[in-house]
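Observations on the three-dimensional arrangement
Chain by chain, the residues run as shown.
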Amino acid sequence: MAQDRQERPFDLLNKVIGQHVLIRLKNNVSIRGKVTSFDAHMNIVLESAEELNSDGEIKAKLGTILLRGGNIIFVSPV
Amino acid sequence: MAQDRQERPFDLLNKVIGQHVLIRLKNNVSIRGKVTSFDAHMNIVLESAEELNSDGEIKAKLGTILLRGGNIIFVSPV
Amino acid sequence: MAQDRQERPFDLLNKVIGQHVLIRLKNNVSIRGKVTSFDAHMNIVLESAEELNSDGEIKAKLGTILLRGGNIIFVSPV
Amino acid sequence: MAQDRQERPFDLLNKVIGQHVLIRLKNNVSIRGKVTSFDAHMNIVLESAEELNSDGEIKAKLGTILLRGGNIIFVSPV
Amino acid sequence: MAQDRQERPFDLLNKVIGQHVLIRLKNNVSIRGKVTSFDAHMNIVLESAEELNSDGEIKAKLGTILLRGGNIIFVSPV
Amino acid sequence: MAQDRQERPFDLLNKVIGQHVLIRLKNNVSIRGKVTSFDAHMNIVLESAEELNSDGEIKAKLGTILLRGGNIIFVSPV
Amino acid sequence: MAQDRQERPFDLLNKVIGQHVLIRLKNNVSIRGKVTSFDAHMNIVLESAEELNSDGEIKAKLGTILLRGGNIIFVSPV
């Protein structure tokens, strides 16, 4: 686990490309989906995205979405 | 699927030019329409735009609109 | 309709100079008026501006107004 | 009315120096007063400023005020 | 009253150094105090600051405070 | 009290390093503690920090905290 | 404890790499977890993150999360 540089938060986004994440948004909505891409503003494209209610049940199937980073509270690999 | 560069979120907007998208806004309004253009702030021009209520029913026909990127939660091809 | 460059959202504002638009604001107010000028922040000057309530009825005649771009949800030619 | 350059929204502020304007703020307060100066952030100094309630009645006499541009929805000459 | 340059809003802050002002904040709180210093973000240091309720009565004596400019609606000399 | 330069608001933060301050936050929470360090964004580290309710009573002992400047309304030496 | 330079708030984040912190967010949610990395925007990656309710009880186990700095009120070592 030798490192040439200090780990940075966006490294986590790099690791989850192609994997499923749970994203909590400011309006208390949660979105689950597979990460396709992201940028420096934390804008994220998800495939097979699903909107979840506060009990974690699927509220809507959204397909592919481009999510604006500014609305994100946290991103978590699942 | 060879790539010369890493995919980025805005590539999705490039792909949906001329296609219909559903856009969820911060005030819980959703807008559906055909993408004509976009810029780096995620400002988007839609043609044949329709405002949808929370049940997905058409609330108002808006025609052509220039939508400010700052109000967008997500953009989804439909 | 040959184009030398990609269309951008602000091109719509250029086209509606001298024409009437409907502008939806964040506080659920809508304003209708004739566009005189705009800038890169989407600040817009309207002549003969009218404030509309949620039923689209005229609530107040505002005359000439300088509208701050940051409050705009969308601009639509009418 | 020949013009050497395109009109811009802030030109309206230049024209109303020394004149009375009505300014609608985000918190539904309106302020009326005589414009003394403004800057690129739309910060505005008003003399003889009065705070108006939603019926347009005078709620408070404020004298000279420096108003932060970020709270402004629109500025209208009266 | 000859002027070598156009007056700017922050000139008002320069003039009130050492004088009392009333500052209206976004959360409907008003603060009164003597201006000691300010900067380009409208951050302001007040001495002998007092918090006022909506009736203008003293709610709390705050002493010296450094007020963040971003919360200010307006500053008014008293 | 001769001065080589104009006083600035952040000078107050320099003076209170090692001293106790009361910090009012946007969400109506107040925090009291001893200032260890600060930066240009008004991010502040407090030691022996205590969260106070609106009556000024201690609601929680927080120990050392790094407070984001963007949430601050004012900082006051106590 | 001789110092070559003035201490800065982000030094606290450097010290808590690998340690547990409590993070208070704007929406009154608190998150506890072990800091893995952070950046200049105060974006923070936590391992073994837990969401706490206002009584400090565990509401949800979140695993690894990337938390956006903009939602943070304060970070406190525990």
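Quick caveat, the model's predicted, so the values are computed rather than measured. (Residues numbered from 1 in each chain as written. Chains lettered and ligands numbered in written order. Predicted model: local features only at pLDDT ≥ 70, side-chain atom pairs only at ≥ 80, totals over all residues. Heavy atoms only, no water.)

Examining the overall build of chain A
Condition: Strands are runs of DSSP state E lasting at least 2 residues, helices are runs of H or I lasting at least 4, and numbering of each runs from the N terminus. Residues count as neighbours in contact if any of their non-hydrogen atoms are within 4.5 Å of one another. Per-residue accessibility takes into account occlusion by the displayed protein chains alone, with areas from the Shrake-Rupley method and a 1.4 Å probe. As used throughout, the charge tally considers Lys and Arg to be positive and Asp and Glu to be negative, leaving His and the chain termini uncounted. Every charge is mapped onto a representative atom, which is NZ of Lys, CZ of Arg, CG of Asp or CD of Glu.
Counting its secondary structure elements, chain A contains one helix and five strands. Going residue by residue from the N terminus, the α and β elements of chain A occur as α-β-β-β-β-β. Each principal axis of the C-alpha atoms in chain A carries an extent, and together these give about 45 × 20 × 20 Å. Long-range contacts, defined as pairs at least 24 residues apart, comprise 38% of the intrachain contacts of chain A with a sequence gap of at least 6. A total accessible area of about 3,900 Å² is found for chain A, and carbon and sulfur atoms account for 47% of it. Averaged over its 10 positive side-chain charges, chain A has a centre that lies 3 Å from the centre of its 9 negative ones.

What to know about the interface of chain A and chain G
Inclusion rule: Two parts placed together each lose some accessible area under a 1.4 Å probe, and the buried area is that loss summed for both. The working definition used for a salt bridge is a side-chain nitrogen of Lys or Arg within 4 Å of a carboxyl oxygen of Asp or Glu. Two N or O atoms form a polar contact when they lie within 3.5 Å of each other; inside protein one atom must be a possible hydrogen donor and the other a possible acceptor, and for residues adjacent in sequence the pair counts only when both atoms belong to side chains. Residues were grouped as follows: Ala, Val, Leu, Ile, Met, Phe, Trp, Tyr, Cys and Pro as nonpolar; Asp, Glu, Lys and Arg as charged; and all remaining residues, including Gly, as polar.
Facing the 19 residues of chain A at the interface are 19 residues of chain G. A combined buried area of about 1,600 Å² lies between chain A and chain G, and 58% of that area is made up of carbon and sulfur atoms. When the buried area of chain A at its contact with chain G is split by residue, Pro9, Ile73 and Phe74 of chain A rank highest and sum to 35% of it. Salt-bridge contacts for Glu51 of chain G lead to Arg24 of chain A; the nearest nitrogen and oxygen are separated by 2.7 Å. Our count for the chain A to chain G interface comes out at nine residue pairs in polar contact (both at pLDDT 80 or more). Secondary-structure elements contributing two or more residues to the side of chain A that touches chain G are helix 1 (10-15) and strand 5 (72-77) of chain A. In terms of residue count, the dominant contributor to the side of chain A that touches chain G is strand 5 of chain A (six residues). For the side of chain A that touches chain G, the per-class residue count stands at 10 nonpolar, five polar and four charged.

Focus: unusual backbone geometry
Residues and elements named next belong to chain D. Just so we agree on the cut-off: When accessible area is computed with a 1.4 Å probe and restricted to protein chains, residues below 20% of their type maximum are described as buried, those above 50% as exposed, and intermediate ones as partly exposed.
The phi torsion at Met42 lies on the positive side, around 70°, for a residue other than glycine. In this fold, Met42 is placed in the loop between strand 2 (30-38) and strand 3 (44-52). Given the relative accessible area of 0%, Met42 is considered buried.

A closer look at the interface of chain G and chain F
Filter applied, for reference: In short, DSSP must find at least two bridges between two strands for them to pair.
With 19 residues of chain G at the interface, the matching set in chain F holds 19 residues. Approximately 1,600 Å² of surface area, both sides summed, lies buried where chain G meets chain F, with 58% of it carried by carbon and sulfur atoms. Area buried by chain G at its contact with chain F is led by Pro9, Ile73 and Phe74 of chain G, which between them contribute 35% of it. Our count for the contact surface shared by chain G and chain F stands at nine residue pairs in polar contact (both at pLDDT 80 or more). Counting residues per element, the ones that place at least two in the side of chain G that touches chain F are helix 1 (10-15) and strand 5 (72-77) of chain G. Per-element accounting of the side of chain G that touches chain F gives the leading share, six residues, to strand 5 of chain G. Taken together, the two bridges between strand 4 (residues 58-67) of chain F and strand 5 of chain G define a ladder with antiparallel strand orientation. Each bridged residue has a counterpart across the sheet, and for Leu66 of chain F the counterpart in strand 5 of chain G is Val75 of chain G.

Let's talk about the confidence of the model for chain A
So the rule is basically this: pLDDT is a residue-level measure of predictor confidence that goes from 0 to 100.
Overall, the prediction assigns chain A a mean pLDDT of 93, with 95% of residues at 70 or greater. Across the predicted assembly, pTM comes out at 0.92 and ipTM at 0.92.

Regarding the pairing of strand 1 (residues 20-25) of chain G
Residues in a regular strand point their side chains to alternate faces of the sheet. Residues and elements named next belong to chain G. Bridge analysis of strand 1 against strand 2 (residues 30-38) gives five bridges, and the strand direction is antiparallel. Its bridge partner being in strand 2, Ile23 is matched across the sheet by Ile31. In sequence, strand 1 turns back onto strand 2 through a hairpin of four residues, with Asn28 there showing a positive phi of about 65°.

Notes on the arrangement of the chains
Between chain B and chain D there is no contact; the minimum C-alpha to C-alpha separation amounts to 15 Å. You won't find any contact between chain A and chain F; their C-alpha atoms come no closer than 15 Å.

With respect to the environment of Pro9 of chain F
By secondary structure assignment, the location of Pro9 of chain F is in the segment before helix 1 (10-15). Since its relative accessible area comes to 0%, Pro9 of chain F is described here as buried. Not counting chain neighbours up to four residues away, the residues in contact with Pro9 of chain F comprise Ser37, Phe38, Asp39, Asn43, Ile44, Val45 and Leu66 of chain E.

A look at the packing of aromatic side chains
What counts here: Note on aromatic contacts: the rings of Phe and Tyr and the six-membered ring of Trp form a pair at centre separations within 6.5 Å, being stacked when their planes are under 30 degrees apart, edge-to-face when over 60 apart, and tilted otherwise. The rule for a charge over a ring is simple: NZ of Lys or CZ of Arg within 6 Å of the ring centre, and within 35 degrees of the ring normal.
A full pass over the atoms with the stated rule returns seven aromatic pairs over all chains. Judged by centre distance (6.2 Å) and plane angle (40°), the ring pair of Phe10 of chain A and Phe38 of chain A falls under tilted. One end of the pair, Phe10 of chain A, is in helix 1; the other, Phe38 of chain A, is in strand 2 (residues 30-38), with 28 residues separating them in the sequence. Its end group placed over the ring of Phe38 of chain A, Arg8 of chain B keeps NZ or CZ at 5.8 Å from the ring centre.

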